[in-house]
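# Coordinate inspection notes
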Amino acid sequence: MVTPSEDGPAFPADGVGGEVPGPVDWADCYRSGQTPWDLGGAHPELSRRLSGGSLAPPRDGARALVPGAGRGHDALALARRGWTVVALDLVGLVGGDLGAALARLGGRFVEGDALDFEDEPFDLIWDHTFFCAIDPADRGPWGARAGELLLPGGLYAALVFPFGKPESEGGPPHGMSSADLLRVLGTRAEAIEDVEVQRKAPARRWAERFLLARRRGPDLASPA
Ligand SMILES: C[S@@+](CC[C@H](N)C(=O)[O-])C[C@H]1O[C@@H](n2cnc3c(N)ncnc32)[C@H](O)[C@@H]1O
């Protein structure tokens, strides 16, 4: 397990991705163990919300998608709370044990690109350092895809990070705000909560917020 640190040599300061010019070879990050974004457990805010009973599955068999799931700590936390979880990541090698662990809880790991991922629609998308990891040019397409991947009434829950990081500093992690995410979800979704997290991840330079948005009914889903 990699302990997140502001002093990590390869990805300094941000605790999630650092200043890597150009496209990131995510597989190489995992192969070389340079994964400072990895908290070694579920995000504390997700754990807090799950143990407090919010973000509970709305019914038996409710399905959650975790794009950019990494080693799957959040995915497993959701699965242990009763969600049927699909953990999705470009990098398959992180999915070996994760796939088996999720399968025991009724879920699965999928190796693939979230930008063209298709499946039955989900009740929940949990996004923790996925939106900030993709190229900002892919945010619009992801917003459209996410809208398709959510059931009407389904929730997009996001750990908004790195909040307040200027665009000029580049990424990943690329700076993001709740408004950035809501913009690409467009009229398909409405914000129902947008707050500072109560339990921050340790050793992260930038602020974290929690955003909960609900997918509107099909009559209102009109991509911009
Ligand atoms: C910063 S890491 C976060 C991992 C995990 N959410 C966590 O908090 O530990 C971003 C993850 O997104 C994955 N990723 C990047 N682009 C992706 C894409 N287009 N589709 C699926 N996964 C992607 C990377 O392989 C990486 O595991």
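For the structure itself, consult the block above.
Let me sum up the structure you'll find in this document.

Looking now at helix α3 (residues 73-80). Counting buried residues in α3 gives seven out of eight residues, a clear majority hidden from the surface. Among the residues of α3, those classed as buried are H73, D74, A75, L76, A77, L78 and A79. Buried residues along α3 sit in contact with α2 (44-51), β1 (63-67), β2 (84-89), α4 (96-104) and β4 (122-128). Just beyond α3, the residue with positive phi is G82, at close to 105°.

If you walk across this open sheet you meet the seven strands as β3-β2-β1-β4-β5-β7-β6, and the pairing is mixed. Taken across any chain shown, the strands that pair with only one partner, and hence form the sheet edges, are β3 (108-111) and β6 (189-196). Averaged over all adjacent pairs, the angle separating strand axes in this sheet is 20°, with direction ignored. Bridging between β1 and β2 involves five bridges; their strand directions are parallel. Considered in β2, the bridge of A64 is made with V85. The strands touched by helix α5 (residues 139-149) are β1, β4, β5 (150-163), β6 and β7 (207-215); relative to β5, the strand with the most contacts, the crossing angle is about 140°.

A separate point is the site of the ligand. Around the ligand, 22 residues are found, and the nearest of them are W26, G68, G70, A114 and A133. Per-class residue counts for the shell around the ligand are 13 nonpolar, five polar and four charged.

By the element assignment, L50 lies in helix α2. For L50, a count of 19 C-beta atoms within 10 Å corresponds to the partly exposed category. L50 sits 28 residues away from L78 along the chain, and the two C-alpha atoms are 7.6 Å apart. In contact with L50, not counting residues within four places along its chain, are L55, A77 and R81.

What follows concerns unusual backbone geometry. With an omega dihedral of -5°, the bond running from F161 to P162 counts as a cis peptide bond. Residues P172 and P173 are joined by a peptide bond in cis, for which omega reads 5°. Relative to the assigned elements, P173 resides in the loop between β5 and α6 (178-185). In this structure, T129 takes a positive phi of about 60° despite not being glycine. With respect to the secondary-structure elements, T129 resides in the loop between β4 and α5. Phi at A203 takes a positive value of approximately 60°, unusual for a residue other than glycine. For A203, a count of 17 C-beta atoms within 10 Å translates into the label partly exposed.

Turning our attention to the environment of G175. Its place among the elements puts G175 in the loop between β5 and α6. Since 20 C-beta atoms lie within 10 Å of it, G175 is described here as buried. Separated by 42 residues in the primary sequence, G175 and A133 place their C-alpha atoms 9.5 Å from one another. The contact partners of G175, leaving out residues within four places of it in the chain, are P162, G164, K165, P166, E167 and E169.

This part is about the pairing of β4. With seven of its seven residues buried, β4 lies for the most part within the structure. When β1 meets β4, the two strands line up parallel, connected through two bridges. Among the inter-strand pairings, A64 is bridged to a residue of β4, identified as L124. Pairing between β4 and β5: six bridges, direction parallel. By the bridge assignment, W126 is partnered in β5 with A157. Handedness of the β-α-β unit built from β4, α5 and β5 comes out right-handed.

Calculation criteria
- Residues numbered from 1 in each chain as written.
- Predicted model: local features only at pLDDT ≥ 70, side-chain atom pairs only at ≥ 80, totals over all residues.
- Buried ≥ 20, exposed ≤ 12 C-beta atoms within 10 Å, placed from the backbone.
- Helix = DSSP H or I, 4+ residues; strand = E, 2+ residues; numbered from the N terminus.
- Contact = placed C-beta atoms within 7 Å.
- Pairing = 2+ DSSP bridges.
- Axes fitted to C-alpha atoms, helices over the stretch in contact; angles between N-to-C directions.
- Near = placed C-beta within 6 Å.
- Nonpolar A, V, L, I, M, F, W, Y, C, P; charged D, E, K, R; others polar.
- Right-handed = clockwise from strand over helix to strand, strands pointing away.

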